[in-house]
Amino acid sequence: MENVWFLAAVWVGLALLATLFAIWFKISTALSEIVVGTVAQLIIGVIVGPNALGSSTAWVSFLAGTGAIVLTFLAGAELDPDVFRLKWKEALVVGLAGFVAPFLGAAAAARYVLGWDVGPSWLAGVALSTTSVAVVYAVMLEIGFNVTEYGKAILAACFVNDLGTVLMLGLIFSPFTVRTLIFVAVSVAAFVVLPFVTGPFFRRYGGRVSELETKFILFALFGMGGVALWAGSEPVLPAYVIGMLLAGTVGKDHLLIRRLRTLTFGLLTPFYFIRAGSFVSVPALAAAPLVFTVLFFAKMFSKMLGVFPAVKAFRYGRQETTYYTLMMSTGLTFGTISALFGLSHGIITAGQYSHLVAAVIGSAVIPTLIANALFMPVHLRPDETREAGAIATTQDTMRGKREHV
Amino acid sequence: MYRRILVAYDGSEGGRAALKQGIALAKALNAELSCVLVEEHLPHYAASISEVKAAKEEIDAHFRTLAKQARDLAALGGIDMETIVRQGHEVETIVTITKDGQFELLVIGYHGHSAIFGRIMGSTAQSIVRLAPCSVLLAK
């Protein structure tokens, strides 16, 4: 499609459709967008032509890439520094185990069971080593664990796990030249300076209609992303670290996060997730369902092997440990980002990409279902939550007369 | 006859019918009236915490408004009504509250608590009728 506005209308129309599906079926917009992207490519590809959706068009790639960078930044900025300080030892041990075990396990399964080459196998290891802080957070919030030390520890461990994934994605395929050294040096300098500069800069010039804060953040993300790309690394690596470092300033500015959210979810991430879905080949998935099965179970078993003993070492009971492990076995955003990185850099084929994305989506859904159905440590739920079903109850249970006096 | 009545309300047409009939019954029988509102689930498998937080804020605000509407309607009818907002599965939550609160009558709307399939099949209302520990009035 040559008319850029028609093509944009098609993409935004698909995003709108995905949002409606998300509302109707009560799933996340991201997951819905991936599925809509896959189905749209399948249908439009057959009817109009394989390139009709324009997933590889420069401007679509740019918007999708920006979506991945800003989404990663937000994911880093959502870290609660206080929680991490409280549980840093446990988060570090469990998070590292949650990253290393599936990274090696899934890579080994891809190499020795599926017979993939070395590069694709490492990429599979990275893509399946992730966890999903957002998936876990939604479960924690719904059950009430988000206010308990147990829930906070799980979330902090998830952040460490994802940091491991992002670092590995940024470095494992890096050529390690002088450029890599310069990238590391510039990153360290930026990571030291940004937390000191950002807060005072925003306080002095921020809070205006001109959206200075958003421009500043995008400038930092694009600048560091450019250096990362120049060095043969991945732009989401500095984005996640910058997000984590600014969690104490940007992360606590709810108004700014809300404005960034509007930009990200309204325009950018639909392009990212629909594009990620559009590269999934349904025929490739149907032709070799065992590949998906091997990858999915490789992630699950290696997570179990790594996370279960690490959690157990912090004296949790069997049920708590199993639930904790299953939560750490989830994955979505960084899994798809890693897989798309592999596809766009020619590390993996379209078929391998399709199986990886399917395994990532499977890991978003299946562990949470099993955990909540069979292993939920109900006794750890806070009293008011168990009594009330939500924290809101204590605030919202009131008598009419009191309200109207 | 009934001393403790619970109404399940979700802002839908059926829910409003249940609320109105609950208020009328409570007034006529001089019974205690409570109203439960069950918050829907957060989006499953979200891509970022921001999405989950935004959804939670929206849901909380929506149900706070509904709770106030319900209390206003009860106050207009001269009834002092307690509203309880809880999160969870609709059937499980309503049945649990009915049991725990030892309510003697549960008033629900026919279409009020159903999603797409529920709207067609009426499955939520049927499940509540089957599992509730007390009499159930299905308001239309």
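Reading guide: rules and limits
- Residues numbered from 1 in each chain as written.
- Chains lettered and ligands numbered in written order.
- Predicted model: local features only at pLDDT ≥ 70, side-chain atom pairs only at ≥ 80, totals over all residues.
- Helix = DSSP H or I, 4+ residues; strand = E, 2+ residues; numbered from the N terminus.
- Rg over C-alpha atoms; globule rule 2.2 N^0.38 Å.
- Buried ≥ 20, exposed ≤ 12 C-beta atoms within 10 Å, placed from the backbone.
- Contact = placed C-beta atoms within 7 Å.
- Pairing = 2+ DSSP bridges.
- Right-handed = clockwise from strand over helix to strand, strands pointing away.
- Core = buried A, V, L, I, M, F, W, Y, C linked by C-beta atoms within 7 Å.
- Nonpolar A, V, L, I, M, F, W, Y, C, P; charged D, E, K, R; others polar.
- Axes fitted to C-alpha atoms, helices over the stretch in contact; angles between N-to-C directions.
- Parallel < 35°, antiparallel > 145°, perpendicular 65-115°, else oblique.
- Left-handed = near helix turned anticlockwise from the far one by under 90°.

**Q** Residues and numbers for the overall build of chain A, please.
**A** Looking only at helices and strands, chain A features 20 helices and 1 strand. Over its C-alpha trace chain A gives a radius of gyration of 21 Å, about what one expects of a compact globule, namely 22 Å for 405 residues. Seen along its three principal axes, the alpha-carbon backbone of chain A occupies a region of about 65 × 55 × 50 Å. Each of the 405 residues in chain A was classed as buried or not, and the buried ones make up 53%. Pairs at least 24 residues apart make up 80% of the contacts formed inside chain A by residues separated by at least 6 positions.

**Q** So what's going on with the pairing of strand 1 (residues 4-8) of chain B? Which residues, and what values?
**A** Residue and element names in this part refer to chain B. Most of strand 1 is tucked away, with 4 of its 5 residues classed as buried. Direction of pairing for strand 1 relative to strand 2 (residues 32-39): parallel, over a ladder of 5 bridges. Counterpart to Ala 8 in the pairing with strand 2 is Val 36. For the crossover from strand 1 across helix 1 (residues 13-29) to strand 2, the handedness is right-handed. As judged from the 3 bridges shared by strand 1 and strand 4 (residues 105-109), these two strands associate in the parallel manner. Within the sheet, the bridge partner assigned to Leu 6 lies in strand 4 and is Leu 106.

**Q** Run through the pairing of strand 2 of chain B, naming residues and quoting values.
**A** Residues and elements named next belong to chain B. Counting buried residues along strand 2, 7 of its 8 residues qualify, which places the element largely inside the surrounding structure. Taken together, the 7 bridges between strand 2 and strand 3 (residues 81-87) define a ladder with parallel strand orientation. Bridging across to strand 3, Val 36 finds its partner in Ile 84. Tracing the backbone out of strand 2, into helix 2 (residues 49-76) and back to the parallel element strand 3 gives a crossover that is right-handed.

**Q** Hey, could you go over helix 11 (residues 236-245) of chain A for me, with residue numbers and the actual values?
**A** Extensive coverage of helix 11 of chain A is indicated by the burial of 10 of its 10 residues. Val 236, Leu 237, Pro 238, Ala 239, Tyr 240, Val 241, Ile 242, Gly 243, Met 244 and Leu 245 of chain A are the residues of helix 11 of chain A that are buried.

**Q** Requested: an account of the nonpolar core, with residues and values cited.
**A** The biggest cluster of nonpolar side chains holds 136 residues, and the ones touching the most others in it are Ala 124, Ala 134, Val 136, Tyr 137, Ile 242 and Leu 295 of chain A. Of the residues forming this core, the biggest block, 12 residues, is contributed by helix 8 (residues 149-172) of chain A. Beyond its immediate stretch of four places on either side in the chain, Ala 124 of chain A contacts Ala 106, Ala 107, Ala 110, Trp 116, Leu 295 and Leu 356 of chain A. Counting residues in hydrophobic clusters, the runner-up holds 36 residues, among them Tyr 9, Ile 97, Leu 105 and Ala 125 of chain B.

**Q** How would you sum up the interface of chain A and chain B? Please name residues and give values.
**A** On the chain B side, the residues contacting the 40 residues of chain A number 32 residues. The greatest single-element share of the side of chain A that touches chain B, amounting to 7 residues, is contributed by helix 7 (residues 133-143) of chain A. Among the residues forming the side of chain A that touches chain B, the class breakdown is 23 nonpolar, 9 polar and 8 charged.

**Q** Describe unusual backbone geometry, listing the residues and the values that go with them.
**A** Residue and element names in this part refer to chain A. One non-glycine residue with positive phi stands out, namely Glu 211, at about 55°. One can find Glu 211 in the loop between helix 9 (178-205) and helix 10 (212-230). Taking the C-beta count within 10 Å as the criterion, Glu 211 has 16 such neighbours and is therefore assigned partly exposed. Not every positive phi belongs to a glycine, and Arg 315 is a case in point at roughly 65°.

**Q** Give a detailed account of the packing of helix 3 (residues 58-77) of chain A against helix 12 (residues 254-278) of chain A, specifying residues and quantitative values.
**A** All names here are of chain A. With their axes 7 Å apart at the nearest point, helix 3 and helix 12 run at an angle of 125° to one another. Viewed along their axes, helix 3 and helix 12 adopt a mutual orientation that is oblique. Along this stretch, helix 3 crosses helix 12, giving a crossing that reads as left-handed. Between helix 3 and helix 12, the contacting residues are Val 60, Leu 63, Ala 64, Thr 66, Gly 67, Ala 68, Val 70, Leu 71 and Leu 74 on the first element and Leu 260, Thr 264, Leu 268, Thr 269, Phe 271, Tyr 272 and Arg 275 on the second. In terms of residue class, the contact of helix 3 with helix 12 is made up of 11 nonpolar, 4 polar and 1 charged.

Purely geometric stuff here, so don't read any function into it on its own.
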